[in-house]
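What the coordinates show
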Amino acid sequence: AQKITQTQPGMFVQEKEAVTLDCTYDTSDQSYGLFWYKQPSSGEMIFLIYQGSYDEQNATEGRYSLNFQKARKSANLVISASQLGDSAMYFCAMRDNQAGTALIFGKGTTLSVSS
Amino acid sequence: SAVISQKPSRDICQRGTSLTIQCQVDSQVTMMFWYRQQPGQSLTLIATANQGSEATYESGFVIDKFPISRPNLTFSTLTVSNMSPEDSSIYLCSVEDPARGYGYTFGSGTRLTVV
């Protein structure tokens, strides 16, 4: 069975600093996808970034990058130049690459950005 | 990318009653996923709804408590039956969104409080 582990319940960072949110995963599948979502206090789920298991390069989307270390089964999210609006809950999730498969989520990390 | 309209956005219900949550997608999708997010927790998959067949429920969730309908490729409902305060959660629907690559789109969520 697939499993996602996020060990940081909360992280604190100052504006303009970079922050890394940790995520490790467990799967016996060779083909899978890893995702990060942001959930502000409003409750909506905002897709941030995706990494496929066969992607050779780390994914990047603006200020977000995914530090993918396949051998260690880790997929850490790096947010550069933090902004106050980055304060939210962040979820790491994965799926196997079969059509019609739901995402499985980690417990989440609450990020607080201060000025 | 797909847009999901989820209703109601929030409700306060009496214990013992039922609430039906609706999700309307602006494009045809094969699978719809229903999640529960208990206060301060992560998202837990309730069931996967495929049009024309019975929903597939995850361990710990049963059809009598969470009946799901999927009458067509753009619409689904989740009913929370015989509610108790433990059912107070955010309920979210989600679909795979090919327009976003491997991303998934989520409804805005239904914040349910049972009193």
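Note that the structure is a prediction, hence the values are computed from the model and not measured.

So, about the state of the cysteines. Counted under the stated rule, the structure contains 2 disulfides over all chains. Each sulfur in the disulfide pair Cys 23 of chain A and Cys 92 of chain A lies 2.0 Å from the other. Taking the torsion about the sulfur-sulfur bond, which here is approximately -65°, the covalent link between Cys 23 of chain A and Cys 92 of chain A counts as left-handed. With Cys 23 of chain A in the loop between β3 (19-21) and β4 (24-26) and Cys 92 of chain A in strand β10 (residues 88-96), the pair connects residues that are 69 residues apart, well separated along the chain. Of all cysteine sulfurs in the structure, the one in Cys 23 of chain B sits closest to Cys 13 of chain B, which takes part in no disulfide; the separation is 16 Å.

Next up on the list: the pattern of salt bridges. All names here are of chain A. For the structure on display, the rule yields 4 salt bridges over all chains. Between Asp 26 and Lys 73 there is a salt bridge, with the nearest N and O atoms lying 3.5 Å from each other. Of this pair, Asp 26 sits in strand β4 while Lys 73 is found in the loop between β8 (64-69) and β9 (74-79), placing the two residues 47 residues apart along the sequence. A relative accessible area of 42% places Asp 26 in the partly exposed class. The exposure class of Lys 73 is partly exposed, given its relative accessible area of 29%.

This next bit is on the interface of chain A and chain B. Tallying the contact residues gives 19 residues for chain A and 18 residues for chain B. Together, the buried faces of chain A and chain B total about 1600 Å²; carbon and sulfur atoms form 58% of this surface. The three residues of chain A that bury the most area against chain B are Met 45, Gly 100 and Phe 105 of chain A, which together make up 26% of that side's buried surface. At the boundary of chain A and chain B, one finds 1 salt bridge. The interface formed by chain A and chain B contains 7 residue pairs in polar contact (both at pLDDT 80 or more). Counting residues per element, the ones that place at least two in the side of chain A that touches chain B are β5 (32-39), β6 (46-52) and β10 of chain A. Counting residues per element, the side of chain A that touches chain B draws most heavily on β5 of chain A, at 3 residues. Its residues assigned to classes, the side of chain A that touches chain B comprises 10 nonpolar, 7 polar and 2 charged.

What counts, and where the lines are drawn
- Residues numbered from 1 in each chain as written.
- Chains lettered and ligands numbered in written order.
- Predicted model: local features only at pLDDT ≥ 70, side-chain atom pairs only at ≥ 80, totals over all residues.
- Heavy atoms only, no water.
- Disulfide = S-S within 2.5 Å.
- Helix = DSSP H or I, 4+ residues; strand = E, 2+ residues; numbered from the N terminus.
- Salt bridge = Lys/Arg side-chain N within 4 Å of Asp/Glu carboxyl O.
- Buried < 20%, exposed > 50% of the residue type's maximum accessible area, 1.4 Å probe, protein only.
- Contact = heavy atoms within 4.5 Å.
- Buried area = accessible area lost by both parts, 1.4 Å probe.
- Polar contact = N/O pair within 3.5 Å; in protein donor to acceptor, adjacent residues only side chain to side chain.
- Nonpolar A, V, L, I, M, F, W, Y, C, P; charged D, E, K, R; others polar.

This is a description of form; function is not addressed.
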